[in-house]
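A look at the structure
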Amino acid sequence: MDKDQYDVIVIGGGASGLFVSSLLGKQGKKTLLIEHNKEFGKKILISGGGRCNFTNANSTPEDFFGKNRHFHKSALSGYKPSDFIDLLKKYKIEWYEKKDGQLFCKESAAQVRDMLVRECETNNVKLLTSCHVKSIEHDHYYHLESTKGDFKSENVVIASGGLSIAPIGATDFGHRIASQFGHKLINPEPALVPFVLEPSFSELSGVSLPAKVTTGKNEITEDLLFTHKGMSGPAILKISLYWNIGDKIKIDFTLGRVREDFLKGVGAKTILNALALSAPKRFVEYILEELNVDKDKKVNETSKKDLNKIYDFLSNFSFTPARTEGFRKAEVTRGGVDVSKISSKTMESNLQKGLFFIGEVLDVTGQLGGFNFQWAWASAYACAQGLE
Ligand SMILES: Cc1cc2nc3c(=O)[nH]c(=O)nc-3n(C[C@H](O)[C@H](O)[C@H](O)COP(=O)(O)OP(=O)(O)OC[C@H]3O[C@@H](n4cnc5c(N)ncnc54)[C@H](O)[C@@H]3O)c2cc1C
């Protein structure tokens, strides 16, 4: 085999590309990993607020979204959150559960990135950074044209990710290659992304409170954050996974309390202080002013009409977001390579032998909370098994 020929070339040195390369190296495959950034795993470094929410211990297939509701199940059952935890243990990387199974590094996200690079190095993967893959052609072999020369291989793994956050390396490369080899695309759209509202409620910017947020049949109860442009926070990021332009969003700030229980037992307090027991004062002052209700009146002196007005406002705050903040702010891309012509066991294309797609480039999107990395690890593992 000549020096620029490989068994497998992996394109994209992010989460899934680093992991699959390390596994292929371990199998003894001559593997080349190509990344166009100066360093590997930039998204890992900024993930989870710099602590990398590397998996979710409570992961179930229902935490993943895509046109095909079953495709992801096989890979996810073949590589579990506990398998990745075992790898962290080998490197003595400490982690903690923030909440609801969300596991974060105690120290830094760089530990996960460095661990994956080390796994590649010890398994003799050839690592190439600052190298942009421009095109791929296939005859008997795959021929790659890159900014650092041409390469040849029997198999190619596309691990080039989705479209979110172009300044740290995101490209549509994987989508273009999929189309070139006959795959369809499910329209790639920003997800886990803040909403832009018009008007924006910018007066409330910085206010955070729990809320039940609904769109269609999907419902999330979590914290919501008002921003300068509209709304963010876990509740909004999560619901954005299911939202399409033109869809209504309904917010219940009473968290499902029935009218009869609303402000029960706080009759002697002012309406402001009573409402401020479960919501930030700034928010309460804002809505009482909007509704033209005297904030200093005691609850039991406030008219039934005004109390109903407040309840109706808080329990059924409905609006249609103008748009999302787009790929610039989205944590992930929803949509991507249609999985109908991809093997769910091996991630290999059914249309083009030796061509594999893993990670976020595929039409599989995890919910907020460590699920997207779990998909990166699990799809990479399935791919490596397929190439064994
Ligand atoms: C701010 C932020 C925080 C996040 N936090 C979390 C979290 O805590 N938990 C979680 O589960 N998920 C999180 N995610 C999502 C998670 O980072 C991604 O789903 C995951 O990284 C996808 O892995 P991947 O390997 O498919 O793609 P990526 O990790 O994006 O890797 C793709 C790589 O391909 C490279 N590339 C692209 N085109 C080319 C080309 N033509 N030639 C060479 N290289 C190329 C890119 O530079 C990139 O390094 C977060 C995302 C963002 C943006």
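Residues numbered from 1 in each chain as written. Predicted model: local features only at pLDDT ≥ 70, side-chain atom pairs only at ≥ 80, totals over all residues. Heavy atoms only, no water.

1. Description of the side chain of Thr270
Mapped onto the secondary structure, Thr270 falls in the loop between β16 (249-252) and α8 (271-275). Using a relative accessible area of 19% as the deciding quantity, one classes Thr270 as buried. If we ignore the near neighbours within four places in the chain, the residues touching Thr270 are Lys295, Asp296, Lys297, Lys298 and Val299. (Helix = DSSP H or I, 4+ residues; strand = E, 2+ residues; numbered from the N terminus. Buried < 20%, exposed > 50% of the residue type's maximum accessible area, 1.4 Å probe, protein only. Contact = heavy atoms within 4.5 Å.)

2. Things to note about empty space enclosed by the protein
As enumerated under the stated definition, the model contains one cavity of 30 Å³ or more in all. Looking at the largest cavity, its volume works out to about 40 Å³. In terms of residue count, the dominant contributor to the lining of the largest cavity is helix α9 (residues 281-290) (three residues). Class assignment for the residues of the lining of the largest cavity results in nine nonpolar, no polar and no charged. (1 Å grid on protein atoms, 1.4 Å probe; cavity = no way out; pocket = protein on both sides within 12 Å on 5 of 7 lines; lining within 4 Å. Points joined across faces, edges and corners; volume = space filled by probe spheres on them. Nonpolar A, V, L, I, M, F, W, Y, C, P; charged D, E, K, R; others polar.)

3. Things to note about the site of the ligand
Neighbouring residues of the ligand: 33 residues in total, closest Ser16, Glu35, Thr171, Glu360 and Phe373. One of the backbone N or O atoms of Ala15 is found 3.3 Å from an oxygen atom in the ligand. One of the side-chain N or O atoms of Glu360 is found 2.6 Å from an oxygen atom in the ligand. Contact with the protein chains hides 94% of the accessible area of the ligand, taken as 1000 Å² for the molecule alone. Elements that contribute at least two residues to the shell around the ligand include exactly α1 (15-26), α2 (42-46) and α11 (371-386). The element that contributes the greatest number of residues to the shell around the ligand is α11, accounting for three residues. Taken together, the residues of the shell around the ligand break down into 12 nonpolar, 17 polar and four charged. (Near = heavy atom within 4 Å. Polar contact = N/O pair within 3.5 Å; in protein donor to acceptor, adjacent residues only side chain to side chain. Areas by Shrake-Rupley, 256 points an atom, 1.4 Å probe, with all protein chains shown as cover.)

4. As for α11
End to end, α11 covers 22 Å across 16 residues, agreeing with the expected 22 Å (1.5 Å per residue, within 8%). With respect to burial, α11 is a largely interior element, 13 of its 16 residues being buried. (Expected span 1.5 Å × (residues − 1).)

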